[in-house]
Amino acid sequence: MAEESEDRKPLLSKKIDKFFTGLADAWNFVRRFFQEVFMPPYEFKEIIQQCYRIGVESLPLISLTGFIVGIVFTNQSRPSLSEFGAASWLPSLISIAVVRAMGPLVTALIAAGKVGSSIGAEIGSMKVTEQIDAMEVSATNPFKFLVVSRVLATTLMIPLLVMYTDFVALMGSFLSVNANEMVSMTTFFVQVFEAITFLDIISSVFKSVLFGFTIGIVGCYKGYNSSKGTEGVGRAANAAVVMAMFLIFIEELLVLQLVNAIRGM
Amino acid sequence: MRGENRRSVIVGIFVFVGIAILVVGVLTLGGQQKKFVKAIQLKTVFDDIGGLQTGNNIWFSGVKIGTVKKINFYGDAQVEVEMNVEEAVVEFIRKDSKATISSDGLIGNKIIVIYGGSTEVAQVEDGDRLESVMPLDTDQMMETLQINNENLVEITGNLKELTGKIAAGKGMVGAAMTDSLLADNFKAIMANLDRAAANSNRVVNDLNTFTAKLNQKGYLFNDLVTDTTIVKELKASMASLNATAANAQQLTLELQKVSEKLSSTDNSMGMLLNDAEFAESLRSTLENTDSATYNLNKGMEALEYTWPFNKGFKRKAKAEAKEADGN
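Residues numbered from 1 in each chain as written. Chains lettered and ligands numbered in written order. Predicted model: local features only at pLDDT ≥ 70, side-chain atom pairs only at ≥ 80, totals over all residues.

**Examining the overall build of chain B**
Looking only at helices and strands, chain B features nine helices and seven strands. Buried positions account for 9% of the 327 residues belonging to chain B. Sequence-distant contacts, at least 24 apart, represent 52% of the contacts inside chain B between residues at least 6 apart. (Helix = DSSP H or I, 4+ residues; strand = E, 2+ residues; numbered from the N terminus. Buried ≥ 20, exposed ≤ 12 C-beta atoms within 10 Å, placed from the backbone. Contact = placed C-beta atoms within 7 Å.)

So this is what it looks like as structure tokens:
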């Protein structure tokens, strides 16, 4: 009895203990993912299915967003550059902004909203309706089937979506620059590639992989740990989006520091 | 099952296109940044690279030919820059070419510009070190600009003082600006100048007319300028004149000798002209001759009436009378 009360007594405070417990759970979840991902059997069909849902079905939304971002950013930057008589630098500016930051960030945020919430809600509803327990009973590894496939799908698809977004955003920017500065497509893309380096592309792909993994793992974790019925499903979906977005920004900051450190070497 | 296959194909296409975009981007970037072309390494050493970074472009004749590969400290706080330069353009870069640091546009990235080099010198080879030329430092430019500013301040100060004096009517310019009498004088001067200019104009016109006439054929000057035979004739005339002058000189010498002799008394003419005693003697001789002649005339008159000479005189008188009647 005394031991039980000792266990219930918080170590630091109830909230802090809860935070660190959640962190430990998340760490175990991630560790389990890396344990499961290399172990057969591989759920290829499910992975393809999730790739289709996450990648192909997100493409119209991501493309539209990227296109608008390209046009808007170009039009917003033009007055400032024109003040310095440097409107001809628009392609270089847009290229750096899109490839280094906006492409991965916008794609990841849109995907976090669309895919992260969907994963959180889907797995959460399966959890609260005890479908996951049923899978375990039917000798199917629910973690491998639900979590590994989805996380792999997001990790693979988000970088590809970022490539699309970059391309579409640059095309949007080109339309704006072409309409206003009468710059040809060749000149535009020459300036675009003149401004960026391999490090920019590598960091962009690296970030995208990281963002994809984050969206998948956070969505799955929140859904997998949801409770309290249908209310819990909504919470899981919401928490998946919020947490994924928050982590994406943190990762963006850390990767930026890392890339700048490499660039300065 | 069929739906699953369809989805797999679509995912495959999606992945393929996404990867294709990435590959095309990488290849374009590599091609543009000359990452996949054969390159040689050149080096140069600067005292100050002014913020040049690894990866900055190398330009030659305004064309990008490579990138900065490495930047190291070298020797006594100098900086050695290693450059990757396209092998295809090496034949145009000579060993005596120079490298300097410039910028891509007014506020653009730093670049290295390779320039110069003579065709007599061999082309660069891998590992060669180019002579560096320090670029114009912005700080130095600002220093010069500051000196200019100080000079400008001094100049404007002087100008202010000067215009103040002019406005107060001091000095010649001030007086000219404020003194009405001076202005009238100035107007008069200007009027005179105007007249002088008109006169000059007229003189020039006359000169024009004169020179036009000189240029007309048949005039002496025109002939002098254009007719080549006149020169020969003039030369001949000058030779004759020279000969005449020589003769005249000879004559003068002779005359001088004569006059010298006339001045002396050792000859008859000199004695006649210069000897007073001789002159007195000559006068007395002439007086005696005059008196003798008078006496002779008297004798001759007396002889006219004396026989037998009177007959001869009478015959002569008759012949003269007869000749007069015959006329």
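**Some points on the overall build of chain A**
Of regular secondary structure, chain A possesses ten helices and zero strands. Listing every helix and strand of chain A by position from the N terminus yields α-α-α-α-α-α-α-α-α-α. Expressed as a percentage of the 265 residues in chain A, the buried residues total 40%.

**Side note on the packing of helix 3 (residues 44-56) of chain A against helix 7 (residues 142-181) of chain A**
Relative orientation and spacing of two packed helices are given, respectively, by the angle between their axes and the distance between those axes. Residue and element names in this part refer to chain A. For the pair helix 3 and helix 7, interaxial distance at closest approach is 8 Å and the crossing angle is 45°. When the axes of helix 3 and helix 7 are compared, the pair comes out oblique. Crossing of helix 3 over helix 7 shows right-handed handedness. Taking contact as the criterion, the partners of Glu46, Ile47, Gln50, Cys51, Ile54 and Gly55 in helix 3 are, on helix 7, Phe145, Ser149, Arg150, Leu152, Ala153, Thr154, Leu156, Met157, Leu160 and Leu161. Considered class by class, the residues forming the contact of helix 3 with helix 7 number ten nonpolar, four polar and two charged. (Axes fitted to C-alpha atoms, helices over the stretch in contact; angles between N-to-C directions. Parallel < 35°, antiparallel > 145°, perpendicular 65-115°, else oblique. Left-handed = near helix turned anticlockwise from the far one by under 90°. Nonpolar A, V, L, I, M, F, W, Y, C, P; charged D, E, K, R; others polar.)

**Description of helix 6 (residues 228-263) of chain B**
End to end, helix 6 of chain B covers 52 Å across 36 residues, agreeing with the expected 52 Å (1.5 Å per residue, within 8%). Within helix 6 of chain B, only zero of the 36 residues are buried, which leaves it mostly out in the open. (Expected span 1.5 Å × (residues − 1).)

**Focus: the nonpolar core**
Residues and elements named next belong to chain A. Within the largest apolar cluster, 66 residues are counted, with the highest numbers of intra-cluster contacts made by Ile215, Cys220 and Ala240. Counting residues per element, the ones that place at least two in this core are helix 3, helix 4 (59-83), helix 5 (90-128), helix 7, helix 8 (185-195), helix 9 (198-224) and helix 10 (229-264). Ranked by residue count, the leading element in this core is helix 7, at 20 residues. Excluding residues within four positions of it along the chain, Ile215 makes contact with Ala108, Ala111, Ala112, Val115, Gly116, Thr154, Ile158 and Ala244. (Core = buried A, V, L, I, M, F, W, Y, C linked by C-beta atoms within 7 Å.)

**Some words on the interface of chain B and chain A**
Facing the 16 residues of chain B at the interface are 18 residues of chain A. For the side of chain B that touches chain A, the residue count by class is eight nonpolar, six polar and two charged.

**Details of the pairing of strand 3 (residues 63-74) of chain B**
All names here are of chain B. Where strand 2 (residues 57-60) lies against strand 3, four bridges are found, and the strand directions are antiparallel. Bridge pairing in strand 3 places Ile58 opposite Gly66. Between strand 2 and strand 3, which pair antiparallel one after the other, the connecting turn spans two residues, and Ser61 there sits at a positive phi close to 55°. Bridge count between strand 3 and strand 4 (residues 78-86): eight bridges; the pairing is antiparallel. Residue Phe73 lies in a different strand from strand 4, and its bridge partner there is Val79. (Pairing = 2+ DSSP bridges.)

**Here we look at the packing of helix 5 of chain A against helix 8 of chain A**
Residue and element names in this part refer to chain A. Relative to each other, helix 5 and helix 8 sit at 50°, their axes nearing to 8 Å. One finds that helix 5 runs oblique with respect to helix 8. As for how helix 5 packs across helix 8, the hand of that crossing is right-handed. Judged by residue contacts, Pro91, Ser92, Ser95 and Ile96 of helix 5 engage Phe188, Gln191, Val192, Glu194 and Ala195 from helix 8. In terms of residue class, the contact of helix 5 with helix 8 is made up of five nonpolar, three polar and one charged.

**A closer look at the environment of Phe188 of chain A**
Residue and element names in this part refer to chain A. Among the structural elements, Phe188 can be located in helix 8. As for Phe188 and Leu90, which are separated by 98 residues in sequence, their C-alpha atoms are 8.9 Å apart. With residues near it in sequence (within four places) discarded, Phe188 still touches Pro91, Phe174, Val177 and Val183.

**Looking at the sheet that holds strand 7 (residues 129-133) of chain B**
Residues and elements named next belong to chain B. Strand order in the closed barrel formed by seven strands is 1-4-3-2-6-5-7, and the pairing between neighbours is mixed. Across the sheet, the mean angle from the axis of one strand to that of its neighbour is 35°, orientation sign disregarded. Of the strand pairs in this sheet, strand 1 (residues 39-46) and strand 7 are connected by two bridges, and their pairing is parallel. Following the sheet pairing, Thr44 is matched in strand 7 by Leu130.

**Thoughts on unusual backbone geometry**
A cis amide bond links Pro40 of chain A with the next residue in sequence, Pro41 of chain A, at an omega value of 0°. Note on placement: Pro41 of chain A falls in the loop between helix 2 (14-37) and helix 3. A cis amide bond, omega 10°, links Trp307 of chain B with the succeeding residue Pro308 of chain B. Of note, Pro308 of chain B is situated in the loop between helix 8 (276-304) and helix 9 (309-326). Positioned with a positive phi, Met182 of chain A is a non-glycine residue whose angle comes to about 55°. By the secondary structure assignment, Met182 of chain A is in the loop between helix 7 and helix 8.

**Regarding the confidence of the model for chain B**
Chain-level statistics for chain B give a pLDDT mean of 85 and a share of 97% at 70 or above. Listed scores for the predicted complex are pTM 0.60 and ipTM 0.74. (pLDDT = per-residue confidence, 0-100.)

**Notes on the pairing of strand 2 of chain B**
With three bridges connecting them, strand 2 of chain B and strand 6 (residues 110-115) of chain B associate as parallel partners. Counterpart to Trp59 of chain B in the pairing with strand 6 of chain B is Val113 of chain B.

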